Amino acid sequence: MASIPLLRFTPSTPRLLPHPLKPNFLQSRTRIQTRPKPASISAAYNPIPATDRLISAVAYFLPFFNGLQYGRFLFTQYPTLALPFQPILPLLSLYRSLPYASFVTFFALYLGIVRNENLNRYPRFNALQAVVLDVLLVLPMLIQRIFSPGQSGIGLIFTVWMHNGLFVFVVGCFVYGLVSSILGKTPYLPFVTEAANRQM
């Protein structure tokens, strides 16, 4: 009598076939685990050296000293406005007592700092902004001497307004440039920064 082989059922782990439309969870999990980790990104922070900050801060004294002359009408009308400037009067007197101090300082900044390729861009750019600002402050004085508005009438009123506005502008630029240089930030001065960027 022929023996009929018996079918033996052995318990085994059922194999699941991947769905043709759904990704296999195990394969995607394995793929995620074997994916290389992205390299950590470290932000490099390069602070401005103290020497560059000092050069930038000192450069803004040139237009400030030359622009104080525009505050004479404000100082006459409001004498208390001159009190904050009392500490720098000895330095200002020394600066004005030297012959051609403004002329020498101007070219010292331009030739010694702005055109000095050995220095970093930060002090060169700030020195150039100070030079450009100083040049812009000379133009109103030249216009006043050419047209001579007079000592009374509408010409005097226009001169007073122009001087007061220029004085406020100069002091604002000086304080802003000085504080920004100390903090290592680049100051943005209206009309001055654009002109300085074209010259760099």
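Residues numbered from 1 in each chain as written. Predicted model: local features only at pLDDT ≥ 70, side-chain atom pairs only at ≥ 80, totals over all residues. Heavy atoms only, no water.

Chemist: So what's going on with the pattern of salt bridges? Which residues, and what values?
Modeler: The tally for this structure, following the rule as stated, stands at one salt bridge. Here Arg 124 ties to Glu 117 by a salt bridge, and the two come within 3.7 Å at their closest N and O atoms. What makes Glu 117 exposed here is its relative accessible area of 60%. (Salt bridge = Lys/Arg side-chain N within 4 Å of Asp/Glu carboxyl O. Buried < 20%, exposed > 50% of the residue type's maximum accessible area, 1.4 Å probe, protein only.)

Chemist: Let's hear about the side chain of Arg 124: which residues, and what values?
Modeler: Structurally, Arg 124 can be placed in helix H7 (residues 121–147). Sequence-distant contacts of Arg 124, that is, excluding residues within four places in its chain, are made with Ile 113, Val 114, Asn 116, Glu 117, Leu 119 and Met 200. (Helix = DSSP H or I, 4+ residues; strand = E, 2+ residues; numbered from the N terminus. Contact = heavy atoms within 4.5 Å.)

Chemist: I'd like a description of the nonpolar core, backed by residues and values.
Modeler: Across soluble globular proteins, you tend to see nonpolar side chains buried next to one another. Within the largest apolar cluster, 35 residues are counted, with the highest numbers of intra-cluster contacts made by Phe 64, Leu 68, Leu 109 and Phe 167. When residues of this core are traced back to their parent elements, those giving at least two are helix H3 (61–67), helix H5 (89–97), helix H6 (101–114), H7, helix H8 (153–183) and helix H9 (192–199). Counting residues per element, this core draws most heavily on H7, at nine residues. Among all residues touching Phe 64, those that are not within four sequence positions of it are Phe 85, Ile 88, Val 170, Val 171 and Phe 174. (Core = buried A, V, L, I, M, F, W, Y, C linked by side-chain atoms within 4.5 Å.)

Chemist: So what about the side chain of Ser 180? Which residues, and what values?
Modeler: If you trace the backbone, Ser 180 turns up in helix H8. The buried category is assigned to Ser 180, whose relative accessible area is 8%. Residues contacting Ser 180, with those up to four places away along its chain left out, are Tyr 122, Lys 185 and Pro 187.

Chemist: Account for the packing of aromatic side chains, naming residues and giving values.
Modeler: On inspection of all chains with the given rule, the structure shows 11 aromatic pairs. When the centroid spacing of 5.9 Å and the interplanar angle of 40° are considered together, the rings of Phe 64 and Phe 65 count as tilted. Of the two residues, Phe 64 and Phe 65, neither departs from the other in class, the shared state being buried. Relative to Phe 107, the ring of Phe 106 has its centre 5.4 Å away and its plane inclined at 80°; by these criteria the two rings are edge-to-face. We classify Phe 107 as partly exposed; its relative accessible area is 36%. (Phe/Tyr/Trp six-rings, centres within 6.5 Å; stacked < 30°, edge-to-face > 60°.)

Chemist: Can you tell me about the packing of H6 against H7, naming the residues and giving the values?
Modeler: The geometry of a pair of packed helices is captured by two quantities: the angle between their axes and the separation between those axes. Axis separation between H6 and H7 bottoms out at 9 Å; the angle between their running directions is 155°. As the angle between them shows, H6 and H7 are arranged roughly antiparallel. As H6 packs across H7, the resulting crossing turns out to be left-handed. Mapping the contact onto sequence places Phe 106, Leu 109, Tyr 110, Ile 113 and Val 114 in H6 and Pro 123, Arg 124, Ala 127, Leu 128, Val 131, Asp 134 and Val 135 in H7. Partitioning the contact of H6 with H7 into residue classes produces 10 nonpolar, no polar and two charged. (Axes fitted to C-alpha atoms, helices over the stretch in contact; angles between N-to-C directions. Parallel < 35°, antiparallel > 145°, perpendicular 65-115°, else oblique. Left-handed = near helix turned anticlockwise from the far one by under 90°. Nonpolar A, V, L, I, M, F, W, Y, C, P; charged D, E, K, R; others polar.)

Chemist: Explain the environment of Thr 186 residue by residue, including any values.
Modeler: Relative to the helices and strands, Thr 186 is located in the loop between H8 and H9. The exposure class of Thr 186 is partly exposed, given its relative accessible area of 47%. Taking the C-alpha atoms as reference points, Thr 186 and Phe 125, separated by 61 residues in sequence, lie 8.7 Å from one another. Once residues within four sequence positions are removed from consideration, Thr 186 is found in contact with Tyr 122, Phe 125 and Tyr 176.

Chemist: Before we move on, can you summarise the packing of H7 against H9 with the specific residues and values?
Modeler: At a minimum axis separation of 9 Å, H7 and H9 run at an interaxial angle of 120°. Here H9 runs oblique to H7, going by the angle between their axes. Once H7 is placed against H9, the crossing between them reads as right-handed. For the pair H7 and H9, contact is made by Arg 121, Phe 125, Leu 128, Gln 129, Val 132, Leu 133 and Leu 136 and by Val 192, Thr 193, Ala 195, Ala 196, Asn 197 and Gln 199, respectively. Tallied by class, the residues present in the contact of H7 with H9 amount to eight nonpolar, four polar and one charged.

Chemist: Explain H6 to me, using residue names and the numbers behind them.
Modeler: When the terminal C-alpha atoms of H6 are compared, their 18 Å separation across 14 residues agrees well with the 20 Å that a helix rising 1.5 Å per residue should span. Those residues of H6 that sit buried are Ala 101, Phe 106, Leu 109, Ile 113 and Val 114. Tucked into the core, H6 has its buried residues touching helix H2 (50–59), H3, H5 and H7. (Expected span 1.5 Å × (residues − 1).)

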